[in-house]
Amino acid sequence: MHVHILGICGSFMGGIAAIAKSLGHKVTGSDTNVYPPMSTQLEQLGIELTAGFDTQQFDPIPDIVIIGNAMSRGNSAVEYVLDRNLPYTSGPQWLLENLLAKRWVIAASGTHGKTTTSSMIAWILEDIGLNPGFLIGGVPENFGVSARIGESPFFVIEADEYDSAFFDKRSKFVHYRPRTLVMNNLEFDHADIFENLDAIKKQFHHLVRCVPSNGLIISPIDDANLEDVLHKGCWSDTQKAGDTDTCDWRAQLINPDGSQFNVLQNNEIVGCVNWGLIGDHNVSNAIMAIAAAHHAGVQTIDAIDALARFKNVKKRMEVKGQVADITVYDDFAHHPTAIQTTLAGLRNKVGDAKIIAILEPRSNTMKMGVHKETLAKSWQQANEVFLFEPENVDWSMQELVINSIAPLRLYKDTRDIVEAVVEQAQPGDQILVMSNGSFNDIHQSLLTALTKKFKD
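K.L.:
Can you lay out the overall build of the protein for me, pointing to particular residues and giving the numbers?
P.N.:
If you tally the helices and strands in the protein, you get 15 helices and 23 strands. Taking 2.2 N^0.38 as the reference for a compact globule, 456 residues should give roughly 23 Å; the C-alpha atoms of the protein span a radius of gyration of 22 Å, in line with that estimate. Over its C-alpha atoms, taken along the principal directions, the protein stretches across nearly 60 × 55 × 40 Å. Within the protein, buried positions represent 59% of all 456 residues. Considering only residue pairs separated by 6 or more positions, the protein has 64% of its internal contacts joining residues 24 or more positions apart. Summing over all exposed atoms, the protein offers an accessible surface of approximately 18,900 Å²; the carbon and sulfur share of this is 45%. Taken together, the 38 basic and 55 acidic charged side chains of the protein have centroids lying 3 Å from each other.

K.L.:
How would you explain the pattern of salt bridges if you had to name every residue and give the values?
P.N.:
What the rule picks out here adds up to 18 salt bridges. Three or more residues joined by partner-sharing salt bridges are found here, namely Asp127, Asp305 and Arg309.

K.L.:
Run through the packing of helix 1 (residues 11-22) against helix 4 (residues 91-98), naming residues and quoting values.
P.N.:
Contact pair helix 1 / helix 4: the axes reach a minimum separation of 10 Å and the direction vectors enclose 30°. Classified by the angle between their axes, helix 1 and helix 4 sit roughly parallel to one another. Our pair here, helix 1 against helix 4, has a crossing hand that is left-handed. Contacts from Phe12, Met13, Ile16, Ile19 and Ala20 in helix 1 reach Gly91, Pro92, Trp94 and Leu95 in helix 4. Among the residues forming the contact of helix 1 with helix 4, the class breakdown is eight nonpolar, one polar and no charged.

K.L.:
Account for the packing of helix 8 (residues 280-295) against helix 9 (residues 300-307), with residues named and values stated.
P.N.:
At a minimum axis distance of 9 Å, the contact between helix 8 and helix 9 shows a crossing angle of 135°. Judged on the interaxial angle alone, helix 9 and helix 8 are oblique. For the pair helix 8 and helix 9, the crossing hand works out as right-handed. Where helix 8 abuts helix 9, its residues Ala286, Ile290 and His294 lie against Thr300, Ala303, Ile304 and Leu307. Its residues placed into classes, the contact of helix 8 with helix 9 shows five nonpolar, two polar and no charged.

K.L.:
Tell me about the sheet that holds strand 21 (residues 384-388), and name the residues and values.
P.N.:
Read across the sheet, six strands follow the order 18-19-23-20-21-22 without closing on themselves; strand pairing throughout is mixed. With partners counted over all chains shown, the strands left at the sheet margins are strand 18 (318-323) and strand 22 (408-411), one partner each. Averaged over neighbouring strand pairs, the angle between their axes works out to 20° when direction is ignored.

K.L.:
Go over helix 3 (residues 76-83) with me, naming the residues and quoting the values.
P.N.:
An α-helix turns once per 3.6 residues; consequently, residues spaced three or four apart project the same way. Turning to helix 3, its buried residues are Ala77, Val78, Glu79, Tyr80 and Val81. Contacts from the buried residues of helix 3 go to strand 1 (2-6), strand 4 (64-67) and strand 5 (88-90). Capping of helix 3 at its N-terminal end is provided by Asn75; its side-chain oxygen lies 2.8 Å from the backbone amide nitrogen of Ala77.

K.L.:
How would you summarise the packing of aromatic side chains if you had to cite specific residues and measurements?
P.N.:
Under the definition given, this model contains ten aromatic pairs. On the numbers, 4.8 Å between centres and 5° between planes, the contact of Phe58 with Tyr80 is stacked. Here Phe58, found in the loop between strand 3 (48-51) and strand 4, pairs with Tyr80, found in helix 3; they are 22 residues apart in sequence, far enough to count as distant. Tyr80 carries the same exposure label as Phe58, and that label is buried. Its end group placed over the ring of Phe12, Lys172 keeps NZ or CZ at 5.3 Å from the ring centre.

K.L.:
Quick rundown of helix 8? Include the residues and the values.
P.N.:
Taking 1.5 Å of rise per residue, the 16 residues of helix 8 would be expected to cover 22 Å, and the 23 Å separating its terminal C-alpha atoms lies within 8% of that figure. All of the buried residues in helix 8 are Asn282, Val283, Asn285, Ala286, Ile287, Met288, Ala289, Ile290, Ala291, Ala292 and Ala293. One or two positions beyond helix 8, positive phi appears at Gly297, with a value near 105°.

K.L.:
Give a description of the side chain of Asp163 that names residues and reports values.
P.N.:
Within the fold, Asp163 resides in strand 10 (residues 163-165). Looking at Asp163, its side chain comes within polar contact range of the side chain of Lys169, at 2.5 Å. Ignoring anything within four residues of it in the chain, the contact list for Asp163 reads Asn69, Asp168, Lys169, Arg170, Ser171, Lys172 and Ile193.

K.L.:
Explain the sheet that holds strand 1 to me, using residue names and the numbers behind them.
P.N.:
Ordered by their spatial adjacency, five strands build an open sheet running 3-2-1-4-5, and the pairing between neighbours is parallel. In the strand order of this sheet, the two ends are held by strand 3 and strand 5, each with one partner. Strand-to-strand twist in this sheet, taken as the mean axis angle between neighbours without regard to direction, amounts to 25°. By the bridge criterion, five bridges tie strand 1 to strand 2 (residues 26-31) in an arrangement that is parallel. Bridging across to strand 2, Leu6 finds its partner in Ser30.

K.L.:
Run through the nonpolar core, naming residues and quoting values.
P.N.:
In terms of nonpolar packing, the biggest core is built from 48 residues, with Ile5, Ile19, Leu95, Leu135 and Ile157 touching the most fellow members. The residues contacting Leu95, other than those within four sequence positions of it, are Ile16, Ile19, Leu100, Leu135, Ile157 and Tyr176.

K.L.:
Any chance you could break down the environment of Asp305 for me, citing the residues and the numbers?
P.N.:
As for its placement among the helices and strands, Asp305 is situated in helix 9. Spatially, the C-alpha atoms of Asp305 and Ile124 are 8.6 Å apart, while their sequence positions differ by 181 residues.

K.L.:
How would you summarise the pairing of strand 14 (residues 237-241) if you had to cite specific residues and measurements?
P.N.:
Relative to strand 14, strand 13 (residues 216-220) runs parallel, the two sharing five bridges. Directly across from Ser219, in strand 14, lies its bridge partner Lys240.

Reading the values: the criteria
- The residue count restarts for each chain, going from 1 along the sequence in the order it is written.
- pLDDT decides what is reported in this predicted model: residues at 70 or higher carry local features, side-chain atom pairs at 80 or more are listed and counted, and totals for whole chains, interfaces and linings draw on all residues regardless.
- Side-chain numbers here rest on the full set of heavy atoms in the structure, without hydrogens or water.
- Numbering of helices and strands starts at the N terminus; helices are DSSP runs of H or I of at least 4 residues and strands are runs of E of at least 2.
- Throughout, the radius of gyration refers to the C-alpha atoms, and the reference size of a globule is 2.2 Å times the residue count to the power 0.38.
- Relative accessibility decides the category of a residue: with a 1.4 Å probe and only protein chains considered, values under 20% of the type maximum give buried, values over 50% give exposed, and everything between is partly exposed.
- Any two residues whose heavy atoms approach within 4.5 Å are treated as being in contact.
- In short, Shrake-Rupley with a 1.4 Å probe defines the accessible areas, and a residue's cover is counted only from the protein chains shown.
- Charge assignment: positive for Lys and Arg, negative for Asp and Glu; neither His nor the chain ends contribute.
- For this purpose, a charge sits on NZ of Lys, CZ of Arg, CG of Asp or CD of Glu.
- A pair is scored as a salt bridge if a Lys or Arg side-chain nitrogen falls within 4 Å of a carboxyl oxygen belonging to Asp or Glu.
- Simply put, an axis is a line fit to the C-alpha atoms, just over the touching stretch for a helix, and the angle between two N-to-C directions goes from 0 to 180 degrees.
- Roughly parallel means an angle under 35 degrees; roughly antiparallel means over 145; roughly perpendicular covers 65 to 115; every other angle is labelled oblique.
- Here is the rule for handedness: rotate from the far helix to the near one, and if that takes an anticlockwise turn smaller than a right angle the crossing is left-handed, while a clockwise turn gives right-handed.
- Note on residue classes: Ala, Val, Leu, Ile, Met, Phe, Trp, Tyr, Cys and Pro are nonpolar, Asp, Glu, Lys and Arg are charged, and everything else, Gly too, is polar.
- Two strands qualify as a pair provided that DSSP identifies no fewer than 2 bridges between them.
- For this analysis, a polar contact is any N or O atom pair within 3.5 Å, provided that within protein one partner can donate a hydrogen and the other can accept it, and provided that sequence-adjacent residues contribute only side-chain to side-chain pairs.
- Only centres within 6.5 Å qualify two rings of Phe, Tyr or Trp (six-membered ring in Trp) as a pair; their planes then separate them into stacked at under 30 degrees, edge-to-face at over 60, and tilted for everything else.
- Two limits define a charge over a ring: the Lys NZ or Arg CZ must be within 6 Å of the ring centre, and within 35 degrees of the ring normal.
- For a helix, the expected span equals 1.5 Å multiplied by the residue count minus one.
- Nonpolar cores were defined as sets of buried Ala, Val, Leu, Ile, Met, Phe, Trp, Tyr and Cys residues, with membership established by side-chain atoms within 4.5 Å.

Written out as structure tokens, the structure reads:
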């Protein structure tokens, strides 16, 4: 079968392409952002890519067109498909019909931690020899790819609440039908598609409705929004993670930075995780992953042992390089809560060292100003903050300068940020770049400029 994918270079649709290719289909696709690393990954799989949406890409006519959720009416390729009545579907629906329906799906959902938690679960299953399939919105360093079919009944998926397609406004995760469901947390996000928090809760309720009665839902004990979701109706077993003795699962920190902690199951210590990750958020992610793997039949001590070899995901506190004892990190944080927890983890790791935070408010929610009231409070652990100001924002970022405790500077050009940061950077400083995009490859520009400064 010839599968053609519109919007193929996104992390989710690129994963769909890799899975379709592994299933033996001929796969082609198009996007406006056809560049490495996703273009390289797809071309290595033998997938023919078209830059842009010229209708000549439909020669020959594919058997099915998978339309990504970034595509909208008015797009020439979309209009061609509709006008000629070509068979089309969404990525989540195609995945359900062609792969997930026959698998034990383990889904990690929530506003934060989906990518990391699903990567941890996949790695635990891999480490004990179960060879799971997975589709993750990032590249786990243990695997080097974002998606594969696997050779066991288990399929781990990052369960995104974003909509499925222009013709299907349900959240992607409603299509996944998980047997094991992790719900990490729930806050307001994706203001471009959700009217308010209640609209997101409704989608999570639909997800809960899909879990079978012999399935399991794992959630934190202290998240009021998720409790509201479960109170709307729950027909499956549930387990709780948190800090109280009544939780099924909890962590007991040994090192304040989260690099070592005990795992308690039913209030008994069953082992100790000693790993390379830091931050309370990653400790919470690990507890969720251990609980999910346990439901799939993994012994808790084996899951704990596997996490000692977990290498995290690219763009999650990824060290991009070091120059003159100055470390440059890349992190995906783009929501005030994620910014705060990421900086807190780094602060616990580096103590009194100077932290320079560089942030690109790239998400649609950020550009709409939804989080402007909490944003300035999220970076208090930084010594200085350099904020990129996009042209297409709906609010003035100048008010952040007034409300920020940490010194804050605004810039409209990444080159100016690099120049200003490098000018003041000294050995021992920690430079943390936070963005959910490529950020004009600012990390490499920083490293290059730092190398020149200290070489001269």
